[in-house]
Amino acid sequence: MKKQGLHNPAVMAVASSPQGQKAIANTLDNANATVNATASIVKGVLKTGFFLGVGYFVYKKIFNGFSKLSEDRREKPSNISTGMAKNKAAAIFSAMYGFGNGFKSVKQNLMGVNHNGFIRIYNEFGQRKGINPLSKKMTMIEWFADQFNPSELMELRFLIPHFF
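Caption draft 1: Structural detail: the overall build of the protein chain. When you go through the protein chain residue by residue, the secondary structure sums to 7 helices and 0 strands. Along the protein chain, from the amino end to the carboxyl end, the secondary structure elements read α-α-α-α-α-α-α. Counting every position in the protein chain, which comprises 164 residues, the buried fraction comes to 26%. Considering only intrachain contacts with a sequence separation of at least 6, the fraction spanning at least 24 residues in the protein chain is 62%. Of the roughly 11900 Å² that the protein chain leaves accessible, carbon and sulfur atoms contribute 62%.

Okay, here's the thing in structure tokens:
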């Protein structure tokens, strides 16, 4: 069996002396102070992280968040399904993405779509980033304003009134 404790008589003499007891007490006090300081730092870091996270979430929701439009109950129900809206949104984006604006393809995808159908396409489009790495995310209507000239926008206004 192995003995535990201090076996060196010199260490025992120093540890049992008043100066040794004082050094041991100081070491324990320093250890407690270190633990308390570390705990307060951790609390501060957690609080700061929490408030930064909440602030970031609120900022994103207010300034960069995409708000879906709800379908208008005063208008006729959508004449396209959600799946068709997703496909049309993808086709519209791919037509506008890159060089050229793909107006003919965009116009073709919007033909025959009623008011609530356009809302479904708009919601499925969401916000998308352009080809330029520094460009911001834009909604479909913002993409239209960015890509098309006034006469092309007028043609789209004729297809889908009250949006542009």
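Caption draft 2: Just a nonpolar patch on the surface, in detail. Judged by side-chain polarity, Phe 50, Phe 51, Val 54, Phe 57, Val 58 and Ile 62 come together as a nonpolar surface patch covering roughly 640 Å² of accessible area. Relative to the helices and strands, Phe 57 is located in helix α2 (residues 18–64). When its relative accessible area of 53% is taken as the criterion, Phe 57 is described as exposed.

Caption draft 3: Representation of the packing of helix α5 (residues 115–125) against helix α6 (residues 140–147). Relative orientation of the contacting elements α5 and α6 amounts to 90 degrees, with a least axis distance of 9 Å. Looking at the two axes, α5 sits roughly perpendicular to α6. Residues Phe 118, Ile 121, Tyr 122 and Phe 125 of α5 pack against Met 140, Ile 141, Trp 143 and Phe 144 of α6. Split by residue class, the contact of α5 with α6 holds 8 nonpolar, no polar and no charged.

Caption draft 4: Representation of the pattern of salt bridges. For the coordinates displayed, the defined rule picks out 3 salt bridges. Where Asp 72 meets Arg 74, a salt bridge forms, and the shortest distance between an N and an O atom there is 3.2 Å. With a relative accessible area of 19%, Asp 72 lands in the buried category. Relative accessible area serves as the criterion here: at 76%, Arg 74 is assigned to the exposed category. Its salt-bridge partner being Glu 155, residue Lys 107 comes within 2.7 Å of it at the nearest N-O pair. One end of the pair, Lys 107, is in helix α4 (residues 103–110); the other, Glu 155, is in helix α7 (residues 150–159), and 48 residues separate them in sequence.

Caption draft 5: The arrangement of α4 in detail. All buried positions along α4 are accounted for by Phe 103, Val 106, Asn 109 and Leu 110. Axial view of α4: buried residues confined to an arc of 130 degrees, hence all on one face. Exposed residues on α4 whose side chains face more than 90 degrees from its buried face are Lys 104 and Gln 108. On its buried face, α4 sits against α3 (82–96), α5, α6 and α7. Gly 112, located one to two residues past α4, shows a positive phi value of around 80 degrees.

Caption draft 6: Just the packing of aromatic side chains, in detail. Applying the stated criterion across every chain yields a total of 6 aromatic pairs. Taking 5.5 Å as the distance between ring centres and 70 degrees as the angle between the ring planes, the aromatic pair formed by Phe 50 and Phe 51 counts as edge-to-face. Measuring from ring centre to ring centre gives 5.9 Å for Phe 93 and Phe 125, while their planes differ by 70 degrees; the resulting arrangement is edge-to-face. With Phe 93 in helix α3 and Phe 125 in helix α5, this residue pair connects regions lying 32 residues apart in the sequence. Just above the ring of Phe 93 sits the side chain of Arg 128; from NZ or CZ to the centre is 5.0 Å. Over the aromatic face of Phe 125 sits the side chain of Arg 128, whose NZ or CZ is 4.8 Å from the ring centroid.

Conventions used here
Per-chain numbering applies: the sequence of each chain, read as written, is numbered from 1 onward. Given that the model is predicted, a residue must reach a pLDDT of at least 70 before its local features are reported, and side-chain atom pairs must reach 80 or more before they are shown or counted; all residues, however, enter totals for whole chains, interfaces and linings. Values shown for side chains rest on all heavy atoms present in the structure; no hydrogens or waters enter the calculation. Working definition: helices are DSSP H or I runs of at least four residues, strands are E runs of at least two. Numbering for both runs from the N terminus. Only protein chains enter the accessibility calculation, which uses a 1.4 Å probe; a residue is then buried when its area is under 20% of its type maximum, exposed when over 50%, and partly exposed in between. Working rule for contacts: check all heavy atoms of both residues, and any pair within 4.5 Å makes them a contact. Surface accessibility in these figures is a Shrake-Rupley result with a 1.4 Å probe; residues are shielded only by whichever protein chains are displayed. Exposure above 30% relative accessible area and the absence of a salt bridge qualify a residue for a patch, where like charges join within 9 Å and nonpolar side chains (Val, Leu, Ile, Met, Phe, Trp, Tyr) within 5 Å. By convention in these notes, a salt bridge is any Lys or Arg side-chain nitrogen within 4 Å of a carboxyl oxygen on Asp or Glu. Axis lines are fitted through C-alpha atoms, for helices just across the contact stretch, and the angle between N-to-C directions can take any value from 0 to 180 degrees. Roughly parallel refers to an angle under 35 degrees, roughly antiparallel to one over 145, roughly perpendicular to one between 65 and 115, and oblique to any angle outside these ranges. When residues are grouped by polarity, Ala, Val, Leu, Ile, Met, Phe, Trp, Tyr, Cys and Pro land in nonpolar, Asp, Glu, Lys and Arg in charged, and all others, Gly among them, in polar. In this description, the arc belongs to the directions extending from the helix axis to the C-beta atoms. Stacked, edge-to-face and tilted labels apply to pairs of Phe, Tyr and Trp rings (six-membered ring for Trp) whose centres lie within 6.5 Å, assigned for plane angles under 30 degrees, over 60, and everything in between, in that order. Two limits define a charge over a ring: the Lys NZ or Arg CZ must be within 6 Å of the ring centre, and within 35 degrees of the ring normal.

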